[in-house]
Amino acid sequence: MKQDPLLSIGEVAKRTGANVSAIRFYADQTLIPTVRSASGHRLFNRSVIRRVSFILIMQGLGYSLKQVASALESLPDNRTPTKSDWNRLSRQFSAEIDQRIAQLNKLKGSLTRCIGCGCLSLQKCQLYNANDRAAALGDGPRYFIGDDIR
């Protein structure tokens, strides 16, 4: 079986839409595997395109590079990940993404109520937080993170 030709860093950058400096950084951080040519240039297997795309998508969703690296560790470096490999990885994120969607929908509704109220004050809100009752529950957006409105 013929192996795909290796890609230059510029080809990977062009194909993924990432900057060359980002590709170099991902390689330096061992997020993507690389080999060196005889002249010292970085070369990449075609499967790196999918890895870089995954990194960009996950960063766009707010995941840290540490979280992305942890996820990528489950994928093989010595072969192109299969559909099964990617499905397993996507299942790891599905529950968390569903949770984020639920939080965003809750936030959307809360913002609508708060903006409609007009006061926009967590301390003076007579509708949702009269007399700043939420302060007794702890720091942060107590009602948003799940504490009951009393």
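Residues numbered from 1 in each chain as written. Predicted model: local features only at pLDDT ≥ 70, side-chain atom pairs only at ≥ 80, totals over all residues. Heavy atoms only, no water.

### Comments concerning the packing of helix H1 (residues 9-16) against helix H3 (residues 48-60)
Between two packed helices, the angle of one axis relative to the other and the distance separating the axes together describe the packing. The test is simple: In this analysis, axes come from line fits to C-alpha atoms, helices being fitted only over the stretch in contact, and the angle between any two N-to-C directions falls in the range 0 to 180 degrees. Numbered from the N terminus, helices here are DSSP runs of H or I no shorter than four residues, and strands are runs of E no shorter than two. Roughly parallel covers angles under 35 degrees, roughly antiparallel covers those over 145, roughly perpendicular covers 65 to 115, and oblique covers all other angles. The hand of a helix crossing depends on one turn: near helix anticlockwise from the far one by less than a right angle means left-handed, and clockwise means right-handed. Working rule for contacts: check all heavy atoms of both residues, and any pair within 4.5 Å makes them a contact. Residues are sorted three ways: Asp, Glu, Lys and Arg are charged, Ala, Val, Leu, Ile, Met, Phe, Trp, Tyr, Cys and Pro are nonpolar, and all the rest, Gly among them, are polar.
Two elements in contact, H1 and H3, have axes whose closest approach is 10 Å; the angle formed by their N-to-C orientations is 50°. When the interaxial angle is binned, H1 and H3 end up oblique. Where H1 crosses over H3, the two elements pack in a sense that is right-handed. Where H1 approaches H3, its residues Val12, Arg15 and Thr16 are matched on the opposing element by Val48, Ile49, Val52, Ser53 and Leu56. Looking at the contact of H1 with H3, its residues break down into five nonpolar, two polar and one charged.

### Topic: the nonpolar core
Using the following cut-off: By nonpolar core is meant a set of buried Ala, Val, Leu, Ile, Met, Phe, Trp, Tyr and Cys residues that side-chain atoms within 4.5 Å join together. To sort residues, take the accessible area from a 1.4 Å probe on protein chains only and compare it with the maximum for the residue type: under 20% means buried, over 50% means exposed, and anything in between is partly exposed.
Ile23, Ile32, Phe44, Val52 and Phe54 are the most contacted members of the largest nonpolar core, which totals 26 residues. Looking at this core, the elements with two or more residues in it are H1, helix H2 (20-28), H3, helix H4 (65-72) and helix H5 (83-117). When neighbours within four sequence positions are excluded, Val52 is seen to be in contact with Val12, Thr16, Ala18, Ile23, Tyr26 and Ile32.

### Thoughts on the sheet that holds strand E3 (residues 42-44)
Cut-off, in case you're wondering: Any two strands between which DSSP finds at least two bridges are classified as paired.
Spatial strand order, E1-E3-E2: three strands in an open sheet with antiparallel pairing. In the strand order of this sheet, the two ends are held by strand E1 (7-8) and strand E2 (35-36), each with one partner. Across two bridges, E1 lies against E3 in antiparallel orientation. Bridge assignment links Leu7 to a residue of E3, and that residue is Phe44.

### Focus on H4
Definition in use: The arc in question is the one traced by the directions running from the helix axis out to the C-beta atoms.
Taken as a whole, H4 has its buried residues at Val68, Ala71 and Leu72. Viewed along the axis of H4, the buried residues span an arc of 95°, placing them on a single side of the element.

### Here we look at the packing of H3 against H4
It is at 10 Å that the axes of H3 and H4 come closest, and there the two elements cross at 140°. With respect to each other, H3 and H4 are oriented oblique. Of the two possible hands of crossing, H3 and H4 adopt the one that is right-handed. Of the residues in H4, those in contact with Arg51, Phe54, Ile55, Met58 and Gln59 of H3 are Leu65, Val68, Ala71 and Leu72. Broken down by class, the residue content of the contact of H3 with H4 amounts to seven nonpolar, one polar and one charged.

### Digging into the pattern of salt bridges
Pairing of side chains with opposite charge becomes possible as their charged atoms draw close. Put simply, the rule reads: We define a salt bridge as a side-chain nitrogen of Lys or Arg found within 4 Å of a carboxyl oxygen belonging to Asp or Glu.
Overall, the coordinates contain three salt bridges when judged by the stated rule. Close ionic contact of Asp28 with Arg42 constitutes a salt bridge, the shortest N to O distance being 3.0 Å. With a gap of 14 residues between them, Asp28 in helix H2 and Arg42 in strand E3 connect regions that are remote in the sequence. Overall, Arg42 belongs to the buried group, its relative accessible area being 15%.

### Things to note about the side chain of Asp85
Heads up, the condition is: N or O atoms closer than or at 3.5 Å make up a polar contact, with two conditions inside protein: a donor-capable atom paired with an acceptor-capable one, and, for residues adjacent in sequence, both atoms drawn from side chains.
Within the secondary structure, Asp85 sits in helix H5. Within the local environment of Asp85, its side chain forms a polar contact with the backbone nitrogen of Thr82, the two atoms lying 2.8 Å apart.

### Examining the packing of aromatic side chains
Going by this rule: Here the aromatic set is Phe, Tyr and Trp, taking the six-membered ring for Trp, and pairing holds for ring centres within 6.5 Å; pairs whose planes are under 30 degrees apart are stacked, those over 60 apart are edge-to-face, and all others are tilted. Only Lys NZ and Arg CZ are tested; either one counts as a charge over a ring when it is within 6 Å of the ring centre and within 35 degrees of the ring normal.
Overall, the coordinates contain four aromatic pairs when judged by the stated rule. Judged by centre distance (6.2 Å) and plane angle (65°), the ring pair of Phe54 and Phe93 falls under edge-to-face. Remark: Phe93 occurs in helix H5 and Phe54 occurs in helix H3; sequence separation between them is 39 residues. For the residue pair Phe54 and Phe93, the accessibility class agrees, reading buried in each case. In this structure an aromatic cluster arises from ring pairing among Phe54, Tyr63, Trp86 and Phe93. Over the ring of Tyr63 we find Arg100; its NZ or CZ atom is 4.3 Å from the centre of that ring.

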